Amino acid sequence: MLPLPCNFAKCPGLFYGTSVGDGVLYRIRIPGGILTTKQFCVIAELADEFGTSGVHITNRANLQLRTVLTEIPSEIFLKLKEIGLASAIPEVDHLRNIMGSPTAGIDPYELIDTRSLISELDNYIGTHRELAPLSPKFSIAVDGGGAVSICDRSNDIIFNAVSIDTKIYFRLKLNMGESHFERFLDVGVLLEPEECLEVAIALMEVCLQYVGIKIEKIVSNRKSRKPRLFEVLDRVSVEKFVQEVECRLSFPLRRISPLQNLSPDRINPLLYQHIDVHPQRQQGLSYVGIAVPLGKLETWQMRSLADIAQKYGSDTLRLTPWQNLLISDIPQQYIHEVKSQIESIRLHWDATNIYSALVACVGNTGCASSATDTKGHALSLAKYLNERIALEQAVNIHFTGCQKSCAQHTKSDIALLGSIEENKRNIEGYRVFLGDGDDSKFGRELYNWISFTELPPLIERMLQVYIAKRTAPDESFRAFVNRYTIADLQALTSDQ
Ligand code: SF4
């Protein structure tokens with residue numbers, strides 16, 4: 001076994017497992033979420049060998065092996081390095097992988113293919129030992145400006161493509177933390193694509209400077225971890241931070257107004273374009289987005305997916321930060337066959353299937369902070385609803401075991417926050433939130449506690465009322481609930 005960098009042991013990596021409620025957890029970084037069928041099958045073998053029966057796709061488009069009961073020997077890591085699945089330097093493997101849109105290079109609407117920039121950034125991080133002291137949560141995303149946007153995913157630094165007079169630039173955005181009204185702040189800088197790597201390196205170097213300062217000087221109530229970028233920005237101000245970055249560059253930064261809309265012709269990012277069949281920019285080819293219930297794949301499903309990608313696609317699979325995956329480069333004549341093969345391995349390709357927009361954190365089987373069995377409850381609810389309701393638009397249902405909301409950082413259509421009712425013999429239940437609104441980060445509160453047993457019929461009534469009363473078939477569930485007061489929604493969904 002390789003030596004563990006013990007100061008990072010709370011965040012999982014590949015070279016060092018993290019002990020969680022249901023066993024040891026290993027995380028394999030997949031830069032941009034794209035991997036070959038060969039790599040996918042090697043991970044399936046690993047899962048079988050170490051008795052985990054499957055893998056989990058994470059909300060950073062990584063793969064996790066959970067419930068590992070024996071140590072993974074160092075020869076395995078060497079094998080993974082050989083096929084490009086492990087950092088050259090173990091000390092930096094704990095850093096977050098670079099997130100990209102899962103449709104990079106195939107999206108007809110994207111402004112720029114981001115795959116080469118993602119690969120350069122990943123190579124740089126994976127080969128620079130001095131980056132090891134960065135917070136394990138330090139994270140970068142590169143968004144090519146297409147239909148499947150990742151700009152709202154939780155990342156410290158976002159490079160977001162825009163077009164000006166047919167020329168492509170990246171806007172630079174920094175994560176200011178959940179408490180800020182504008183969480184991802186546009187810092188008013190435009191970068192040419194070839195400038196992004198140098199800027200990312202300078203951003204990491206400036207961050208490292210502050211990581212060297214004792215944590216208690218930056219975050220008064222925490223003494224045991226590295227400061228996050230937003231905590232540094234809170235202390236030193238964005239302007240000063242960006243100036244320090246600029247001092248390290250070989251070129252001056254190109255300033256613009258952060259408010260200036262530079263891509264008026266860009267389509268709005270579409271919801272759930274990562275699920276179902278969509279034409280690619282490559283004539284005659286399509287990708288199929290596959291809903292993986294709560295991101296969990298059995299190893300036999302992994303091998304079947306690899307077979308489908310080999311036979312009909314281009315030998316690659318693309319993981320998404322919505323814990324799903326897609327297979328690209330499928331000629332039109334095989335789409336029907338691919339869909340039926342996906343169904344035959346108990347997965348789904350239809351965005352309106354409840355599983356497509358269902359999210360849950362690990363829950364009380366794997367996390368001590370969780371009040372409820374979120375994953376188990378989410379799967380039972382999805383089964384119940386799929387047997388009773390046919391949707392025409394996806395509805396995002398998010399189960400979270402505590403306020404931290406690890407699985408989804410954005411608002412949901414329906415958010416369910418685990419809570420135990422002690423007066424009722426520790427029955428597991430949920431606070432129920434709907435749509436937007438300022439009540440809390442989860443939306444407007446509909447009920448402050450409902451037992452899990454009562455939950456499926458309640459959600460079924462909500463969806464039936466939505467289908468019956470929406471203004472038009474294209475009105476989303478979110479828009480529908482936002483039109484009503486909480487009292488009206490309670491009256492509409494009451495079982496009396
Ligand atoms: S949201 Fe809370 S309960 Fe769920 S995994 Fe994160 S810390 Fe644990």
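Please read these numbers as outputs of a predicted model, since none were measured by experiment. (Residues numbered from 1 in each chain as written. Predicted model: local features only at pLDDT ≥ 70, side-chain atom pairs only at ≥ 80, totals over all residues. Heavy atoms only, no water.)

Another aspect to go through is the overall build of the protein. Across its full length, the protein holds 13 helices and 21 strands. In the protein, buried positions account for 57% of the 496 residues. Accessible area for the protein stands at about 21100 Å²; split by element, carbon and sulfur atoms hold 51% of it. (Helix = DSSP H or I, 4+ residues; strand = E, 2+ residues; numbered from the N terminus. Buried < 20%, exposed > 50% of the residue type's maximum accessible area, 1.4 Å probe, protein only. Areas by Shrake-Rupley, 256 points an atom, 1.4 Å probe, with all protein chains shown as cover.)

Moving on, we come to the packing of aromatic side chains. Within the structure shown, the criterion is met by seven aromatic pairs. Ring geometry for Tyr466 versus Phe477: centroids 5.4 Å apart, planes at 80°, classification edge-to-face. Remark: Phe477 occurs in helix α12 (residues 477-482) and Tyr466 occurs in helix α11 (residues 455-469); sequence separation between them is 11 residues. Since its relative accessible area comes to 1%, Tyr466 is described here as buried. Under the relative-accessibility criterion, Phe477 is labelled buried at 2%. (Phe/Tyr/Trp six-rings, centres within 6.5 Å; stacked < 30°, edge-to-face > 60°.)

A separate point is the site of the ligand. If you check the shell around the ligand, you find Cys361, Val362, Cys367, Ser369, Ser370, Thr400, Gly401, Cys402, Lys404, Ser405 and Cys406 and nothing else. In terms of residue class, the shell around the ligand is made up of five nonpolar, five polar and one charged. (Near = heavy atom within 4 Å. Nonpolar A, V, L, I, M, F, W, Y, C, P; charged D, E, K, R; others polar.)

Here we take up the side chain of Gln301. Looking at the secondary structure, you find Gln301 in helix α8 (residues 299-312). We classify Gln301 as buried; its relative accessible area is 6%. For Gln301, the side chain forms a polar contact with the main-chain nitrogen of Glu298, separated by 2.9 Å. Setting aside chain neighbours within four positions, we find Gln301 in contact with Lys296, Ile345, Arg346 and Leu347. (Polar contact = N/O pair within 3.5 Å; in protein donor to acceptor, adjacent residues only side chain to side chain. Contact = heavy atoms within 4.5 Å.)

For the structure shown, the criterion picks out 23 salt bridges. Between Glu91 and Arg129 there is a salt bridge, and its shortest N-O distance comes to 3.4 Å. You can see Glu91 sitting in the loop between α2 (74-82) and β6 (99-100) and its partner Arg129 sitting in the loop between α3 (115-126) and β7 (140-143), a full 38 residues away along the chain. Exposure remark for Arg129: the relative accessible area of 48% places this residue in the partly exposed category. It is possible to trace a salt-bridge network through shared partners that takes in Lys167, Glu192, Glu195 and Arg254. (Salt bridge = Lys/Arg side-chain N within 4 Å of Asp/Glu carboxyl O.)

Once that is clear, we can look at helix α4 (residues 196-211). Since the α-helix turns once every 3.6 residues, residues separated by three or four places project in the same direction. Its 16 residues place the ends of α4 22 Å apart at the C-alpha level, agreeing with the 22 Å of an ideal helix rising 1.5 Å per residue. Most of α4 is tucked away, with 12 of its 16 residues classed as buried. Buried within α4 we find Cys196, Val199, Ala200, Ile201, Ala202, Leu203, Met204, Val206, Cys207, Leu208, Tyr210 and Val211. (Expected span 1.5 Å × (residues − 1).)

Taken as a whole and judged by the stated rule, the model has three cavities of 30 Å³ or more. Roughly 50 Å³ of volume is contained in the largest cavity. Looking at the largest cavity, the residues that line it are Val42, Glu45, Leu46, Glu49, Ile76, Lys79 and Leu80. The element that contributes the greatest number of residues to the lining of the largest cavity is helix α1 (residues 37-49), accounting for four residues. Per-class residue counts for the lining of the largest cavity are four nonpolar, no polar and three charged. In this structure, the second largest cavity occupies an estimated 40 Å³ of space. Along the walls of the second largest cavity sit Leu434, Met462, Val465, Phe477, Phe480, Val481, Leu489, Leu492 and Thr493, which together make up its complete lining. Among the secondary structure elements, those contributing two or more residues to the lining of the second largest cavity are α11, α12 and α13 (486-493). When grouped by side-chain class, the residues that make up the lining of the second largest cavity number eight nonpolar, one polar and no charged. (1 Å grid on protein atoms, 1.4 Å probe; cavity = no way out; pocket = protein on both sides within 12 Å on 5 of 7 lines; lining within 4 Å. Points joined across faces, edges and corners; volume = space filled by probe spheres on them.)

Burial of strand β5 (residues 63-68) is extensive: five of the six residues sit out of reach of the surface. The pairing of strand β2 (residues 23-28) with β5 spans four bridges and is classified as antiparallel. Opposite Arg27, over in β5, you have Gln64 as the bridge partner. Where strand β4 (residues 54-57) hands over to β5, the hairpin turn is made up of five residues, of which Ala61 adopts a positive phi near 60°. (Pairing = 2+ DSSP bridges.)

The next subject is the nonpolar core. If you look at the biggest cluster of nonpolar residues, it comprises 50 residues, and the most contacted ones within it are Phe159, Leu172, Leu174 and Phe241. Those elements that place two or more of their residues in this core are α3, β7, β8 (157-164), β9 (167-175), β10 (184-191), α4, α6 (229-236) and α7 (238-247). With 12 residues, α4 is the largest single contributor of residues to this core. Setting aside chain neighbours within four positions, we find Leu174 in contact with Asp156, Ile157, Arg183, Phe184, Leu185, Val187, Leu203, Leu229, Leu233, Val238 and Phe241. (Core = buried A, V, L, I, M, F, W, Y, C linked by side-chain atoms within 4.5 Å.)

Quick look at the confidence of the model for the protein now. Per-residue confidence for the protein gives a mean pLDDT of 88; residues scoring 70 or more make up 90%. Per-residue pLDDT stays below 50 along residues 1-9; that stretch engages in 19 contacts with residues further than four places along the chain or on separate chains. (pLDDT = per-residue confidence, 0-100.)

Looking now at the sheet that holds β4. Here we have five strands laid out as an open sheet, ordered β1-β2-β5-β4-β14, and antiparallel in their pairing. Two strands close off the open sheet at either side, each with one partner strand: β1 (18-20) and β14 (296-298). When strand polarity is set aside, the average angle formed by the axes of neighbouring strands in this sheet is 35°. In terms of strand pairing, β4 meets β14 through three bridges, oriented antiparallel. Bridging across to β14, His56 finds its partner in Lys296. Sitting on the sheet, α8 is in contact with β4 and β14, with an inclination near 85° to β14. (Axes fitted to C-alpha atoms, helices over the stretch in contact; angles between N-to-C directions.)

It is at 9 Å that the axes of α4 and α7 come closest, and there the two elements cross at 120°. In this view, α4 runs oblique relative to α7, as classed from their interaxial angle. Handedness of the crossing formed by α4 with α7: right-handed. For the pair formed by α4 and α7, the contact residues are Val199, Ala202, Leu203, Val206, Cys207, Gln209 and Tyr210 on the first element and Lys240, Phe241, Glu244 and Val245 on the second. Tallied by class, the residues present in the contact of α4 with α7 amount to eight nonpolar, one polar and two charged. (Parallel < 35°, antiparallel > 145°, perpendicular 65-115°, else oblique. Left-handed = near helix turned anticlockwise from the far one by under 90°.)

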